Each structure stands twice: as C-alpha cells, then as structure tokens.
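# Chain and residue survey
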Amino acid sequence: MRFALEEYDDRFIVTDLDTDNRDEVAEVHKCGDEDYDKDVIAGYARLIAAAPDLLEALKECLTDDNANCIVTNDVAYMIRRFKAINKIVSAAIAKATGE
C-alpha cells in the first residue's frame, strides 16, 4: 500500500495512492509546536488502513468447534486451518507494515 502525506498548518492528511479516489486514510492533528516524524505518521496510517484486515485475521484464528480438531487428532484439518490462518495473517501484517 502506498501513501501520500500532505502537511498543512494544523494537521497531516494521509491518502491511499492505491485507490482510484485517493481515499483519505487518516487525519493527524498537530498539537503545539512539536516536531512530527512523517515516517511515524505514515506508519500509523498503515495500521489504521490495515485494522479491518487485522480484525478479520484474528476472527479467522477462532474456530467454531473450539479447536476440537486438536483433541480428535484431525491432522489434515489442522494443517489446512494453519495454512489458511498463516496466509490471512501474513497478508494483514504485510498491509500493516507496508511490505
């Protein structure tokens, strides 16, 4: 995910360059005369943008059967679940970290 960071007198606006409309991802208001690290603000924007994916990844880690596959030793099912979870979690982390 690519971001643009626009600085104004009182705030930063972070937009997503990968969307057609350059969707606004975050608005960070300045407080006082502090110096702001643009890389840190962009990192916060990535986390905000990835929050829905991170939530979905966490939900996917839950099982309807309360992990009964482990108790019953259903190895094939466990392998499929772990691979699916790994794929979803890896994608969410990549979006959050910008990698």
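Before going into details, it helps to say that this report is about the structure given with it. (Residues numbered from 1 in each chain as written. Predicted model: local features only at pLDDT ≥ 70, side-chain atom pairs only at ≥ 80, totals over all residues. Heavy atoms only, no water.)

### Observations concerning the side chain of Asp16
Of note, Asp16 is situated in strand 2 (residues 11–16). At 2.8 Å, the side chain of Asp16 forms a polar contact with the backbone nitrogen of Asp18. (Helix = DSSP H or I, 4+ residues; strand = E, 2+ residues; numbered from the N terminus. Polar contact = N/O pair within 3.5 Å; in protein donor to acceptor, adjacent residues only side chain to side chain.)

### Details of the pairing of strand 2
Most of strand 2 sits out of view: 5 of its 6 residues are buried. As paired elements, strand 1 (residues 3–7) and strand 2 share 5 bridges and run antiparallel to each other. By the bridge assignment for strand 2, Glu7 is matched with Phe12. A loop of 3 residues connects strand 1 with strand 2, the two strands running antiparallel in sequence. (Buried < 20%, exposed > 50% of the residue type's maximum accessible area, 1.4 Å probe, protein only. Pairing = 2+ DSSP bridges.)

### What about helix 1 (residues 38–61)?
Side chains that are three or four residues apart share a direction in an α-helix, a result of its 3.6 residues per turn. A rise of 1.5 Å per residue sets the reference length of helix 1, with its 24 residues, at 34 Å; its end C-alpha atoms lie 33 Å apart and thus fit the reference within 8%. The axis of helix 1 is deflected most strongly, by about 50°, at Ala51, and proline Pro52 appears within four residues downstream. For helix 1, the full list of buried residues reads Ile41, Ala42, Gly43, Ala45, Ala49, Ala50 and Ala57. Elements in contact with the buried residues of helix 1: strand 1, strand 2, strand 3 (24–29) and helix 3 (75–97). (Expected span 1.5 Å × (residues − 1). Bend = angle between axes of the 7 residues up to and from the residue. Contact = heavy atoms within 4.5 Å.)

### Comments concerning the packing of aromatic side chains
This model, assessed by the stated rule, comprises 0 aromatic pairs. When the ring centre of Tyr8 is taken as origin, the NZ or CZ atom of Arg11, which lies over that ring, is 4.9 Å away. (Phe/Tyr/Trp six-rings, centres within 6.5 Å; stacked < 30°, edge-to-face > 60°. Lys NZ or Arg CZ within 6 Å of the ring centre and 35° of its normal.)

### A short note on the sheet that holds strand 3
In spatial order, the strands read 1-2-3; together these 3 strands make up an open sheet with antiparallel pairing. Edge strands, defined here as strands with exactly one partner in the open sheet, are strand 1 and strand 3. Between one strand axis and the next, the sheet turns by 15° as a mean value, whatever way the strands run. (Axes fitted to C-alpha atoms, helices over the stretch in contact; angles between N-to-C directions.)

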